[in-house]
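The lines below spell out each chain.
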Amino acid sequence: MDVSGIAGAAFAGIQTPEEQFRIAAGATEEENFDSVFQSALNMVTETSDLHNQANEEVIRFALGQAENTHDLLIAQQKANMALQYTVAVKDGIVDAYKEIMQMQI
């Protein structure tokens, strides 16, 4: 059974950060900064929402309202991966800032 077409279709709508940057590069510098800033804020909001959903699943499981541990683990994993990605982006921004600050004028 050939599933090679499925892998390409699964990620067809997802853009890498490089692709997002190339798309935003066509805009002016102000629009580009604004789009990057809004994207970062949206990422933090999404990470917070996923963390809250994971906490709700933990509470539901602890109260006995949910018997399926699978949903609990999925919610926790989504929150963990979103947090790791947010921290990685934050570290990249801090590194870029430090590099800019060390430039000789």
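Residues numbered from 1 in each chain as written. Predicted model: local features only at pLDDT ≥ 70, side-chain atom pairs only at ≥ 80, totals over all residues. Heavy atoms only, no water.

Let's shift gears to the overall build of the protein. Across its full length, the protein holds 4 helices and 0 strands. The secondary structure elements of the protein, listed N-terminal to C-terminal, are α-α-α-α. With an accessible surface of roughly 8900 Å², the protein has 60% of that area assigned to carbon and sulfur atoms. (Helix = DSSP H or I, 4+ residues; strand = E, 2+ residues; numbered from the N terminus. Areas by Shrake-Rupley, 256 points an atom, 1.4 Å probe, with all protein chains shown as cover.)

A cluster of nonpolar side chains, namely Tyr-97, Ile-100, Met-101 and Met-103, defines an oily patch on the protein surface of about 480 Å² accessible area. With respect to the secondary-structure elements, Met-103 resides in the segment after helix H4 (69-101). (Patch = residues over 30% accessible without salt bridge, like charges linked within 9 Å, V, L, I, M, F, W, Y side chains within 5 Å. Salt bridge = Lys/Arg side-chain N within 4 Å of Asp/Glu carboxyl O.)

Let us now look at the pattern of salt bridges. Across all of its chains, the model carries 2 salt bridges by this definition. Note that Asp-91 and Lys-90 form a salt bridge whose closest N and O atoms lie 2.8 Å from each other. Look at Lys-90 and you get partly exposed, because its relative accessible area is 45%. (Buried < 20%, exposed > 50% of the residue type's maximum accessible area, 1.4 Å probe, protein only.)

To continue, consider the confidence of the model for the protein. Per-residue confidence for the protein gives a mean pLDDT of 79; residues scoring 70 or more make up 70%. Averaged pLDDT values over the elements of the protein bottom out at 50 in helix H1 (residues 4-10) and peak at 91 in H4. (pLDDT = per-residue confidence, 0-100.)

Between its terminal C-alpha atoms H4 stretches 48 Å, which fits the 48 Å expected from 33 residues at 1.5 Å a residue. Among the residues of H4, Leu-72, Ala-75, Ala-79, Ala-82 and Thr-86 are the ones counted as buried. For H4, the N-terminal cap is Asn-68; the gap from its side-chain oxygen to the backbone nitrogen of His-70 is 2.9 Å. (Expected span 1.5 Å × (residues − 1). Polar contact = N/O pair within 3.5 Å; in protein donor to acceptor, adjacent residues only side chain to side chain.)

The next subject is the side chain of Thr-47. Within the secondary structure, Thr-47 sits in helix H3 (residues 29-62). Of the polar contacts made by the side chain of Thr-47, one reaches the backbone oxygen of Met-43; its length is 2.8 Å. Excluding its chain neighbours within four sequence positions, the residues that come into contact with Thr-47 are Ala-82, Leu-83 and Thr-86. (Contact = heavy atoms within 4.5 Å.)

Glancing now at the nonpolar core. Core analysis: the biggest nonpolar cluster contains 5 residues, these being Leu-50, Ala-54, Ala-75, Ala-79 and Ala-82. Per-element accounting of this core gives the leading share, 3 residues, to H4. Sequence-distant contacts of Leu-50, that is, excluding residues within four places in its chain, are made with Ala-75, Lys-78, Ala-79 and Ala-82. (Core = buried A, V, L, I, M, F, W, Y, C linked by side-chain atoms within 4.5 Å.)

Inspection of the secondary structure assignment puts Thr-86 in helix H4. You can call Thr-86 buried: its relative accessible area is 14%. If sequence neighbours within four positions are ignored, Thr-86 has contacts with Met-43, Val-44 and Thr-47.

So, about the environment of Ala-40. Structurally, Ala-40 can be placed in helix H3. For Ala-40, a relative accessible area of 23% corresponds to the partly exposed category. A sequence separation of 49 residues divides Ala-40 from Val-89, and the C-alpha atoms of the two residues are 8.4 Å apart.

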